[in-house]
Amino acid sequence: MGFREYINKIDKEGLLRKVDLEVSKKLEISGILKAIEPIPVLFNNVKESEFRVVGNVFCTKDVISSYFGVTPADLIPMLSKAIDERSEPEIVANAPCQEVVETEVDLDKIPILFHCDKDGGNYISSAVVITRDPDYGQNLDFHRAMQYSKDKFAARIVKGRHFYKFLEKNGEVEVAFCIGNTPNILIAGATSVDIGVDELEIANALEPIKVVKANSVDLLIPAEAEFVLEGKVYFEERHAEGPFVDLTETLDIIREEPIFEVKKITHRKEAIWQALLPGALEHKILMGMPREPTIFNKVNATGVKCLDVNISPGGSSWLHAIVQIDKKTEEDGKKAIEGTFAGHTSCKHVFIVDKDINIYDPLAVEWSFATRFQGNTRMVIKDKEPGSSLDPSAEPGTKMTTKIGFDLTKPLVIKGKSFEIVEFPKVDVNKYF
Ligand SMILES: Cc1cc2nc3c(=O)[nH]c(=O)nc-3n(C[C@H](O)[C@H](O)[C@H](O)COP(=O)(O)O)c2cc1C
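All values derive from a computational prediction rather than experimental measurement.

Each neighbour pair has its own omega, and for E37 with P38 the value is 10°, a cis peptide bond. Note that the residue after G242, namely P243, is joined by a cis bond; omega there is -5°. As for its placement among the helices and strands, P243 is situated in the loop between β14 (227-241) and β15 (244-245). Positive phi is not limited to glycine here, since E249 has a value of about 70°. On the secondary structure map, E249 appears in the loop between β15 and β16 (251-252). A positive phi is found at K384, a non-glycine position, where the angle reads about 55°. Residue placement: K384 occurs in strand β22 (residues 379-386).

Following this line, the structure appears as structure tokens:
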């Protein structure tokens, strides 16, 4: 299903709020979206642009799993399978994303949002960025980009990303920033797999897509995107980027980042701009969820049966992982802690729980922390390891941090009080009120 089709579908189902009042792309749309998160909103009348804006579209695991017609627990195996069984998308000659080819580039005509008052400029935050290297082929990434002129952005490209490697190697790289994507493409773009894997093949394995040759660059792009900004990114040419809100909801610093020069804009007729609030639920779910299968697989590789993983929004969907296991030996908790850190190196705190704990319920996890954990025997401390550059408490510059694993599982042999929650009698309350 294309992005437009999905928006029409949730509209018919009454799940989409619509704002017909005139709203500004500057500090207004972002405020409305945040205030009613996670409800999707379509803005029909944007003050500075002829185009509409939609946001909060894929904020929760429930929404994403129902998009695919599965349950949230099915997402990890589904994504693992798509990574293993990638398939090439169908190439088409004509595509909705090229219905309109703009004759001149003027980014001011597009509703690129100014999100929060300290931001360095208008920011694209939802774009799936497609690039190509002569040896490795195509790659998909996310890169926020700050608009600073009618045709230029400064794009945040973290060192180590595959696109960063392409840039370092080639000096300048053709790009397509594709906006208005469905979860198969969004999740594929957020997945870190081996360099050389075209993540569009992961997207296609999640749900078949069509791709088309971009208008002015040698790239295959999702045919159903709403907007495509084509051009070049230059490794040596830099511009100040930031401040901007990052995943932890704190303000990121200003850095000199590569310039993205937009040379061509194509879009669908009556295109809809996909907004994605930085640091908010949608950003979090897209960052954390693709790391869950890697944790799941690494924990299973230690010999411990992993049942489910939640990289929880309270931990910025990056720094905390709650891992549910089917405990068979007393060592399983500690083995699962090691597996989790191996599966997600940015993770700072890991919580291993038993199969009776709902890992999506923070109160249930805290309850197992309170009743099943002892700090002197069930905690693994890893002092000074490389963690996440996003963590404001990590050592600035080096991202060195202290990682802790908490084994919140109950002992297999119980000597004292029971570890089970006692159930109350089940009654039909309607009979009494
Ligand atoms: C919504 C969202 C925004 C992101 N923003 C950036 C960004 O601005 N810069 C960056 O380098 N990575 C960003 N990332 C992370 C990477 O794009 C992502 O981890 C990607 O999988 C890396 O792919 P690679 O392994 O092919 O390099 C973002 C991820 C998401 C989901």
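Our focus in this paragraph is the domain arrangement of the chain. Domain assignment breaks the chain into domain 1 (77-268) and domain 2 (287-407). Here domain 1 and domain 2 have C-alpha centroids that lie 31 Å from each other. Contact residues are listed per partner, giving ten residues for domain 1 and eleven residues for domain 2. Between domain 1 and domain 2, roughly 1000 Å² of surface is buried when both sides are summed, and carbon and sulfur atoms account for 67% of that area.

On inspection of all chains with the given rule, the structure shows two cavities of 30 Å³ or more. One number sums up the size of the largest cavity: a volume of about 70 Å³. As for the largest cavity, its lining consists of F51, E102, E104, D106, K109, I110, I265 and H267. Considering only residue class, the lining of the largest cavity consists of three nonpolar, one polar and four charged. There is about 60 Å³ of room inside the second largest cavity. Lining the second largest cavity, in full, are L75, I76, M78, L79, I187, L206, M289 and E292. Of all the elements, helix α4 (residues 75-84) adds the most residues to the lining of the second largest cavity, at four residues. Residue composition of the lining of the second largest cavity, grouped by class: seven nonpolar, no polar and one charged.

Moving on, we get to the nonpolar core. If you look at the biggest cluster of nonpolar residues, it comprises 49 residues, and the most contacted ones within it are V54, F58, I64, I187, I202 and I221. Sequence-distant contacts of I221, that is, excluding residues within four places in its chain, are made with C97, Q98, I130, A176, C178, K210, V211, V212, A214, V228 and E230. Grouped together as the second largest cluster of nonpolar side chains are 41 residues, F153, F260, A271 and L277 included.

This part is about the layout of surface pockets. For the second largest pocket, the calculated volume is near 540 Å³. Around the second largest pocket, the lining is made up of 28 residues, and of these N310, S312, P313, I359 and Y360 lie nearest the centre.

Quick look at the pairing of β14 now. One ladder, built from eight bridges, connects strand β11 (residues 172-179) with β14; its direction is antiparallel. By the bridge assignment for β14, V173 is matched with V233. Direction of pairing for β14 relative to strand β17 (residues 255-267): antiparallel, over a ladder of twelve bridges. Bridge pairing in β17 places H239 opposite E257.

This part takes up the sheet that holds strand β21 (residues 349-353). Where strands meet in a sheet, backbone hydrogen bonds hold them as pairs that are either parallel or antiparallel. As summarised here, the arrangement of the five strands in space is β19-β20-β21-β23-β22, forming an open sheet in which the pairing is mixed. Single-partner strands in this sheet number two, and they are β19 (305-310) and β22. Each adjacent strand pair in this sheet contributes to an overall mean axis angle of 20°, direction not counted. Relative to strand β23 (residues 400-407), β21 runs parallel, the two sharing four bridges. In the strand pairing of β23, H349 is matched with I404. Sitting on the sheet, helix α10 (residues 332-343) touches β20 (320-326), β21, β22 and β23, and the angle it makes with β23 is about 145°.

About the cut-offs
Residues numbered from 1 in each chain as written. Predicted model: local features only at pLDDT ≥ 70, side-chain atom pairs only at ≥ 80, totals over all residues. Heavy atoms only, no water. Helix = DSSP H or I, 4+ residues; strand = E, 2+ residues; numbered from the N terminus. Domains from an automatic or database assignment. Contact = heavy atoms within 4.5 Å. Buried area = accessible area lost by both parts, 1.4 Å probe. 1 Å grid on protein atoms, 1.4 Å probe; cavity = no way out; pocket = protein on both sides within 12 Å on 5 of 7 lines; lining within 4 Å. Points joined across faces, edges and corners; volume = space filled by probe spheres on them. Nonpolar A, V, L, I, M, F, W, Y, C, P; charged D, E, K, R; others polar. Core = buried A, V, L, I, M, F, W, Y, C linked by side-chain atoms within 4.5 Å. Buried < 20%, exposed > 50% of the residue type's maximum accessible area, 1.4 Å probe, protein only. Pairing = 2+ DSSP bridges. Axes fitted to C-alpha atoms, helices over the stretch in contact; angles between N-to-C directions.

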